[in-house]
Amino acid sequence: MIEEFETLPELTDEQLREINSIFLPYIFYSKIKVKKFGTAGVSHAVEVYDCTCTHCRASYTHDFEGARHKSRVTCPHCGVRAQLRSKGMGHKKLYEERRVVITCPVDHDTVWFRAFYAFKSYQNSCDPSVELSETTRYLLHPKQVKCFRFDYSYFSMNDWSVCNQREPFTQYMQAQNYEVLGLNRLEETFMKYLDADQYIDYIAQTGCSNRYIINVYLMRFICDFCRYPIIESLLKAGFEDFVKEKIVSQKPYKRMLNWDAAGIKDFFKKLSPPEIRHLRDEHYQALWLTTHTNLKKIEKSISPEFTSQILKKYFSVGTDTIIDICKKYNISIKKADKYLSKQSIESMMLKPSRWKDYLDIAAQIGYDLTCEAVLMPKDLQTAHDTVSKILTAKMREQEAQEMRERTEQVKKKYAFEFGELQIVVPERISDIVEEGQKLQHCVAGYAERHAKGALTILFVRKKSELDKPYVTMEVTTKDTIRQVHGFRNDAVCPLSEEVKEFVEEFKKYIKNPKAYKRSRQKLKKSA
């Protein structure tokens, strides 16, 4: 028995009614006839509904004025809108499951939250009780949260154990019926200022429309609200974005924020009071804080207004790119901004990335970037296009050299002829592309891998027509023939017996060239 469970309160009748209220309400009925007396004292039979409401669990007779099975009606006892269902029609297959967390305060400084799987099966009754299976418990004291989970696994002891703070229900289940009930009971506890509605509204505004997600984050919010009292001040002061980042995105920004702080001023580790006042009016507060902190690492005199301006100009990605460039080349942020503002590139967002591309290419081709005229060319777009052309030319030259070396290696290894056919080695990538175009197959897609040595493409040609594509062969790095294809992958005309014989002889050759040559010489002598 876990010691803390001694303070755990049992669920009250009121809490059980709350759990029952989250299920879909039904009014099960059967029609009965009752006697009614007219003004003259004459009795007559009237058909009425003998009803049971699953929401308030009251039983009564009522006339719903001709309402039918599955109609929507209002319960005269509790006022809830419910579905009218016949007691004799299909309730045995009716089953519902909910996930619910119940608030259970003990005293001012002790609050329990209990998470249950709740079930309702109408198989044997039209008014079943709710069945509960508890999965997680949270014990909250001021600045302290303890979490306990029940292990249902096959190899477990089926008992409670202490665990790290976790969600009450796994996020992998497709559930949108998760409720947290009884938060109004916190009014007499240390959590009385918890404003769950404000938090849920803010999360909904940021795009989390899934009710299950909101409630999962609500449990994180409740635990963190207990553990870090500064959250109350942040919500009141208009800094909801940091609460959302910590709980929803799980980004506490510990280098910049002090979650154990007693006040807003101490919460922001690296901001002055004027900067904090400016931050309050920013829409994306966490983004602004991160950017402003990074900018001040490069230039301490950066003002909060400048940070807002540069984010508005270049957005988050562009600003990060400028920061990286300034760090790498020791440039002032204001100088970089002034330089980019003068460039006539079509979009402000594109300017930082275009500058970065230019610098990366310039470094690759050997430009001296210690020279300011090279580092910040007068016309960035023209300079970018120039270095791109130089790099392309160098890459083509390098590829051509690699291809020449590769061709010589392949020629030495795979030089082979048999009968009226022989191997021709492609000397350029364009040769492989042309082979694919003329034979109408996909060998062009293998050209780059051939150049890199990942595989080898060989042409099988007739000795009388060495320049005319005939059959294409792929050889692996382990010297095995993977595929051999002619025109349209042999769909029009299958490979000839001559080609098949050539391939079989080539297999013998590449397996052991010396042994193959000796055997061929013996055949010639014997002939």
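Residues numbered from 1 in each chain as written. Predicted model: local features only at pLDDT ≥ 70, side-chain atom pairs only at ≥ 80, totals over all residues. Heavy atoms only, no water.

With respect to the sheet that holds strand β15 (residues 471–475)
Pairing is antiparallel in the open sheet, where five strands are placed in the order β12-β13-β14-β15-β16. The open sheet has two edge strands with one neighbour each: β12 (417–418) and β16 (481–485). Looking at chain direction, strand β13 (residues 421–424) and strand β14 (residues 456–462) are connected through four bridges and run antiparallel. By the bridge assignment for β14, glutamine 422 is matched with arginine 461. Contacts from helix α16 (residues 497–511) reach β12, β13, β14, β15 and β16, with the element oriented near 55 degrees to β13. (Pairing = 2+ DSSP bridges. Helix = DSSP H or I, 4+ residues; strand = E, 2+ residues; numbered from the N terminus. Contact = heavy atoms within 4.5 Å. Axes fitted to C-alpha atoms, helices over the stretch in contact; angles between N-to-C directions.)

Points about the layout of surface pockets
In this approach the atoms are scanned with a rolling probe the size of a water molecule, which exposes any empty space left behind. There is about 390 Å³ of room inside the largest pocket. Together, 17 residues line the largest pocket, and Gln165, Asp224, Arg227, Tyr228 and Lys246 are the ones closest to its centre. For the lining of the largest pocket, the elements supplying multiple residues, two or more each, are α3 (211–227) and α5 (240–247). Per-element tally for the lining of the largest pocket: the top contributor is α3, with three residues. Considering only residue class, the lining of the largest pocket consists of five nonpolar, three polar and nine charged. (1 Å grid on protein atoms, 1.4 Å probe; cavity = no way out; pocket = protein on both sides within 12 Å on 5 of 7 lines; lining within 4 Å. Points joined across faces, edges and corners; volume = space filled by probe spheres on them. Nonpolar A, V, L, I, M, F, W, Y, C, P; charged D, E, K, R; others polar.)

Here's the deal with the sheet that holds strand β11 (residues 178–181)
With mixed pairing, six strands are arranged side by side in an open sheet as β10-β9-β8-β7-β6-β11. In this open sheet, the two edge strands, each paired with only one partner strand, are β10 (160–163) and β11. For this sheet, the mean angle separating the axes of adjacent strands, direction not counted, is 25 degrees. Taken together, the nine bridges between strand β7 (residues 110–121) and strand β8 (residues 131–141) define a ladder with antiparallel strand orientation. Opposite arginine 114, over in β8, you have arginine 137 as the bridge partner.

Overview of the nonpolar core
Counting residues in each nonpolar core, the largest one holds 53 residues, and the members touching the most others are Leu140, Phe221 and Phe268. Sort the elements by how many residues they give to this core and α3 lands first, with eight residues. Here phenylalanine 221 is in contact with Leu194, Asp195, Ala196, Tyr199, Ile231, Leu235, Val243 and Ile247, once residues within four sequence places are set aside. Grouped together as the second largest cluster of nonpolar side chains are 29 residues, Tyr329, Ala336, Ile345 and Ile361 included. (Core = buried A, V, L, I, M, F, W, Y, C linked by side-chain atoms within 4.5 Å. Buried < 20%, exposed > 50% of the residue type's maximum accessible area, 1.4 Å probe, protein only.)

Quick look at the packing of aromatic side chains
Counted under the stated rule, the structure contains 28 aromatic pairs. Relative to phenylalanine 221, the ring of tyrosine 199 lies with its centre 4.2 Å away and its plane at 0 degrees, an arrangement referred to as stacked. Taken together, the positions of tyrosine 199 in helix α2 (residues 196–205) and phenylalanine 221 in helix α3 put the pair 22 residues apart, joining distant regions of the chain. For the pair formed by tyrosine 199 and phenylalanine 221, the shared burial category is buried. Between the aromatic rings of phenylalanine 506 and tyrosine 509, the centroid separation amounts to 6.3 Å while the plane-to-plane angle is 25 degrees, which identifies the pairing as stacked. On the criterion of helical spacing, the pair formed by phenylalanine 506 and tyrosine 509 is a turn pair, its members being three residues apart in helix α16. The class of phenylalanine 506 is buried, set by a relative accessible area of 0%. Put simply, the rings of Tyr228, Phe239, Phe242, Trp259, Phe267 and Phe268 pair up and form one aromatic cluster. Lying across the ring of tyrosine 193, lysine 236 places its NZ or CZ 5.0 Å from the centre. (Phe/Tyr/Trp six-rings, centres within 6.5 Å; stacked < 30°, edge-to-face > 60°. Lys NZ or Arg CZ within 6 Å of the ring centre and 35° of its normal.)

Examining the confidence of the model for the chain
The predicted model of the chain averages 89 in pLDDT, with 93% of residues at 70 or higher. Overall, residues 171–176 carries pLDDT values under 50, and its contacts beyond four positions in sequence, including any with other chains, amount to 12 contacts. (pLDDT = per-residue confidence, 0-100.)

Some words on a positive patch on the surface
Taken together, the side chains of Arg255, Lys269, Lys270, Lys297 and Lys327 present a region of like positive charge at the surface. In this fold, lysine 270 is placed in the loop between α6 (264–267) and α7 (273–280). According to the relative accessible area criterion, lysine 270 is partly exposed, its value standing at 46%. (Patch = residues over 30% accessible without salt bridge, like charges linked within 9 Å, V, L, I, M, F, W, Y side chains within 5 Å. Areas by Shrake-Rupley, 256 points an atom, 1.4 Å probe, with all protein chains shown as cover. Salt bridge = Lys/Arg side-chain N within 4 Å of Asp/Glu carboxyl O. Lys, Arg positive; Asp, Glu negative; His and termini not counted. Charge placed at Lys NZ, Arg CZ, Asp CG, Glu CD.)

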